[in-house]
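For reference, the chains in residue letters:
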Amino acid sequence: MARVLMKGCEAIAEAAVRAGCRFFAGYPITPQNEIPEYFSRRLPEVGGTFVQGESEVASVNMVYGAASAGTRSMTSSSSPGIALKSEGISYCAAARIPMVYANISRGGPGVGAIQPAQQDYFQATKASGNGGFEMMVLAPATVQEAVDLTYAAFDYADRDRNPVLILADGVIGTMMEPVELPEMKSDEEVAAIKESKKSWACIGHKLDYANRAWIQPGHWLTDEMQKANEDAEEMYKSWEKDIMVEEYMVEDAEAVIAAYGISGRIGKSVVDILRKEGKKVGLIRPITVHPFPYKSFDKIDYSKCKGILDVEMSIPAQFVKDVEVAVKGRCPIDTCLCSGGNIMSREAVIEAVNKIIEK
Amino acid sequence: MELIYSRTKTIQEDKVSGFCPGCMHSTVIKLIGEVLEEMDLVEKAACVLGIGCCGLHMDYIAYDNTTAPHGRACAVATGMKRTNPDSLVFTYQGDGDFASIGLAESMSAANRGENITVIFINNGIYGMTGGQMAPTTLIGMKASTAPKGRIAEEHGYPMHMCEILNQLTAPAYLVRTSCNTPANVIKTKNAIKKAFQNQLDGKGFSMVEIVTSCPTNWGLDPLDSLKFIEEKMLPEFPLGVIRDK
Amino acid sequence: METNLCVAGFGGQGVMTLGKFLASATCDSTDKNVTFFPSYGAEQRGGTANCFVVISDEMVGAPLGDVMDDLIVMNGPSLQKFLPTLKKGGTLFINSSIVSDQIDRDDVKVVKAPVTELALEMGNAKVLNVIMLGVYVGYTEVVSPEVVWGTIEHKLAKKAKLLPLNKAAFEKGLEIGRSQK
């Protein structure tokens with residue numbers, strides 16, 4: 001298939017359309033404006049609907065409505081806007097509504113910086129809203145991966161009837177890179193997907209209390225609420241099989257870089273550079289940051305490994321907490337961090353790795 | 001013997017209403033059910049319930065429904081209706097939901113002229129949470145968060161949603177009714193019918209604001225509550241058609 | 001082989017377009033990988049604009065390198081800002097029409113082209129970026145000039161009457177670039 005040069009945000013939107021997404025609602029915020037802009041042009045071409053919501057809050061709730069009525073639907077934002085969406089996301093999780101959303105994350109906290117950052121890790125993976133629900137969180141490191149993960153996200157969302165988050169950063173969102181786009185789902189396929197949700201979609205049914213669509217983000221009875229949470233937990237546990245991770249030259253490594261998203265990509269290029277110098281460096285890059293590939297860290301030979309280098313565009317470090325859980329104290333963990341919209345420097349990573357190796 | 005009245009089948013028979021004595025939520029949901037049946041719309045109905053006592057209906061109504069996050073019903077309804085134009089999408093929201101926390105969603109959906117119907121229950125108080133002040137609480141009316149009563153200088157004035165939305169160009173139908181007398185109940189039913197018909201005709205945003213009582217939080221018995229509606233609520237919220245395009 | 005390029009100038013000088021044309025051409029060439037990363041600020045107009053293009057035989061590691069192999073500078077402030085990032089032995093492409101500052105490094109190659117003046121001579125100030133792209137491609141041949149022109153032609157398909165001017169601008173640039181090798 002021919003490759004085309006696409007901006008990350010636009011590639012994500014196109015991948016969603018190709019996956020059968022026919023409803024998008026969003027609100028402007030840098031650096032993700034190209035996502036709603038792209039959808040506003042593209043969706044009418046395929047019989048879909050774009051709405052610019054009056055706020056991030058309204059947008060996610062429009063998606064709540066469209067997805068609860070059976071349409072593959074998406075919203076997107078950047079960090080502060082994602083915080084506003086957290087209410088709607090929690091409701092979607094509670095009501096078991098399949099939807100996809102993307103965080104093209106920027107500096108924080110507060111209004112933060114409009115430039116790229118990875119300051120939303122805890123929010124994305126641990127508590128994206130109230131109530132302790134979980135989501136699959138997919139973290140692309142290239143525009144191609146953003147395309148592939150977005151395309152797959154709709155399948156995960158439908159399979160589980162749960163929200164899926166694309167956690168990208170401002171670099172992935174704003175950079176252009178050649179991509180190969182996935183196959184466009186035909187109108188028949190899109191219609192079939194919607195048809196398959198008819199039994200539970202809130203669109204009107206024959207009058208029958210037991211079989212009405214009943215999409216509720218909560219329960220009046222405590223035992224029902226507990227049961228719903230137990231069912232959700234079953235689903236969360238089943239994600240073990242869906243873990244995606246890039247393990248790169250880990251076996252003999254004396255230093256292992258642990259990083260996700262754009263930092264992971266930069267980390268990989270550092271491995272290549274240092275391997276050419278004969279230095280034994282490896283990389284573990286979670287692609288699903290939730291569920292987290294803890295077991296990948298068991299593949300490190302701790303008799304040889306002098307240290308792990310956590311690389312992330314967040315101060316304080318957040319991703320490192322999951323790395324600590326995975327490493328279980330088997331070797332020291334150093335960090336290489338930047339924040340505020342600064343982009344991870346390859347030289348800084350090289351220097352930090354060298355420090356570990358020279359120990 | 002001729003059957004002249006039967007209970008609407010849209011309310012599940014074996015469910016016991018949790019509403020307080022004298023509460024008009026039961027009246028309104030019955031009217032909605034009757035209208036759905038009479039217009040043969042039950043199988044198309046997609047109801048978006050607001051948070052608060054409105055949400056209690058989820059266990060009683062036998063047709064499709066969801067509950068929106070607090071205040072967001074009009075946004076949820078927008079997503080539903082835009083992707084399924086054949087459904088009859090209506091929200092059922094209280095005054096806190098529609099006129100306070102959901103003001104942006106309500107105004108914006110009305111301004112876009114979304115082809116949905118809003119049933120807006122105005123009883124001047126927060127019910128489920130225990131009688132806190134609402135945007136529609138009358139001046140001088142006591143609330144659990146306004147123990148001295150609503151004071152204009154501190155709390156501002158009751159909000160008139162029909163009149164506020166009447167400033168917008170898009171809405172098709174804005175009407176205020178009540179359920180305090182049998183005649184007004186019939187008028188309310190007719191208003192709901194017209195609002196649903198508007199949606200079928202693709203006319204856009206319709207809202208039926210229904211002035212109702214909350215005997216429990218008003219601290220009045222059901223009969224005195226009817227009197228309170230007549231003497232206090234209706235002078236502040238005059239009934240009638242505000243807009244009919 | 002990996003080439004890190006930074007293109008910098010005033011907003012309105014077509015800096016981003018220059019970078020995008022080069023990235024698109026690399027994509028069209030099909031045998032190389034490329035990333036284009038715009039540096040963005042809060043302002044819609046004015047100020048400096050810069051972007052980073054990385055062209056590589058392998059997968060591009062960092063879309064924004066710390067050290068540049070090549071630097072295209074369209075105005076004075078950009079020279080001050082980015083010259084320190086140019087590697088030893090790297091190449092500086094300079095719009096000599098308006099950048100008159102002293103270049104206080106002798107460990108880099110300098111390719112000068114008065115692109116603002118040339119563009120004005122050609123009757124359209126806007127083509128200065130296409131001239132500079134020609135200079136860069138002519139000098140480095142990082143992507144073949146034919147492929148780059150093919151990409152420009154494709155991108156400007158809807159503005160066909162601008163094609164002859166742009167063709168002339170690109171070729172003028174190629175000539176300058178080649179002559180300074």
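Conventions adopted
- Residues numbered from 1 in each chain as written.
- Chains lettered and ligands numbered in written order.
- Predicted model: local features only at pLDDT ≥ 70, side-chain atom pairs only at ≥ 80, totals over all residues.
- Heavy atoms only, no water.
- Core = buried A, V, L, I, M, F, W, Y, C linked by side-chain atoms within 4.5 Å.
- Buried < 20%, exposed > 50% of the residue type's maximum accessible area, 1.4 Å probe, protein only.
- Helix = DSSP H or I, 4+ residues; strand = E, 2+ residues; numbered from the N terminus.
- Domains from an automatic or database assignment.
- Contact = heavy atoms within 4.5 Å.
- Patch = residues over 30% accessible without salt bridge, like charges linked within 9 Å, V, L, I, M, F, W, Y side chains within 5 Å.
- Areas by Shrake-Rupley, 256 points an atom, 1.4 Å probe, with all protein chains shown as cover.
- Salt bridge = Lys/Arg side-chain N within 4 Å of Asp/Glu carboxyl O.
- Lys, Arg positive; Asp, Glu negative; His and termini not counted.
- Charge placed at Lys NZ, Arg CZ, Asp CG, Glu CD.
- Buried area = accessible area lost by both parts, 1.4 Å probe.
- Polar contact = N/O pair within 3.5 Å; in protein donor to acceptor, adjacent residues only side chain to side chain.
- Nonpolar A, V, L, I, M, F, W, Y, C, P; charged D, E, K, R; others polar.

Caption draft 1: A look at the nonpolar core. Counting 162 residues, the largest nonpolar core has Phe39, Met74, Ile257, Phe297 and Val353 of chain A together with Met207 of chain B as its most contacted members. By residue number, the principal contributor to this core is helix 6 (residues 143-160) of chain A, which donates nine residues. When we break this core down by domain, the ones giving at least three residues each are domain 1 (4-195) and domain 2 (245-357) of chain A. Phe297 of chain A has contacts with Ala258, Ile284, Phe292, Tyr302, Val323, Ala326, Val327 and Arg330 of chain A, leaving out every residue within four places of it along the chain. Ile32, Tyr60, Leu138 and Ile229 of chain B belong to the second largest nonpolar core, which has 51 residues in total.

Caption draft 2: Broad picture of a negative patch on the surface. All names here are of chain A. A cluster of acidic residues, Glu183, Asp187, Glu188 and Glu189, forms a negative patch at the surface. Topologically, Glu183 is positioned in the loop between strand 9 (176-179) and helix 8 (187-195). For Glu183, a relative accessible area of 60% translates into the label exposed.

Caption draft 3: Geometry of the interface of chain A and chain C. Between chain A and chain C, the residue contacts involve 25 residues of the former and 27 residues of the latter. Interface area lost by chain A to chain C is led by Arg3, Met176 and Arg346 of chain A, which between them contribute 31%. Inspection of the region where chain A meets chain C yields one salt bridge. Here Glu2 of chain C and Arg346 of chain A are joined by a salt bridge, their closest N and O atoms 3.1 Å apart. Taken together, the links from chain A to chain C amount to 10 residue pairs in polar contact (both at pLDDT 80 or more). For the side of chain A that touches chain C, the secondary structure elements donating two or more residues are strand 1 (4-7), strand 6 (113-116), helix 7 (170-174), strand 9, helix 10 (261-276) and helix 12 (346-357) of chain A. In terms of residue count, the dominant contributor to the side of chain A that touches chain C is helix 10 of chain A (four residues). Considering only residue class, the side of chain A that touches chain C consists of 12 nonpolar, seven polar and six charged.

Bear in mind that shape data such as this cannot, by itself, settle questions of function.
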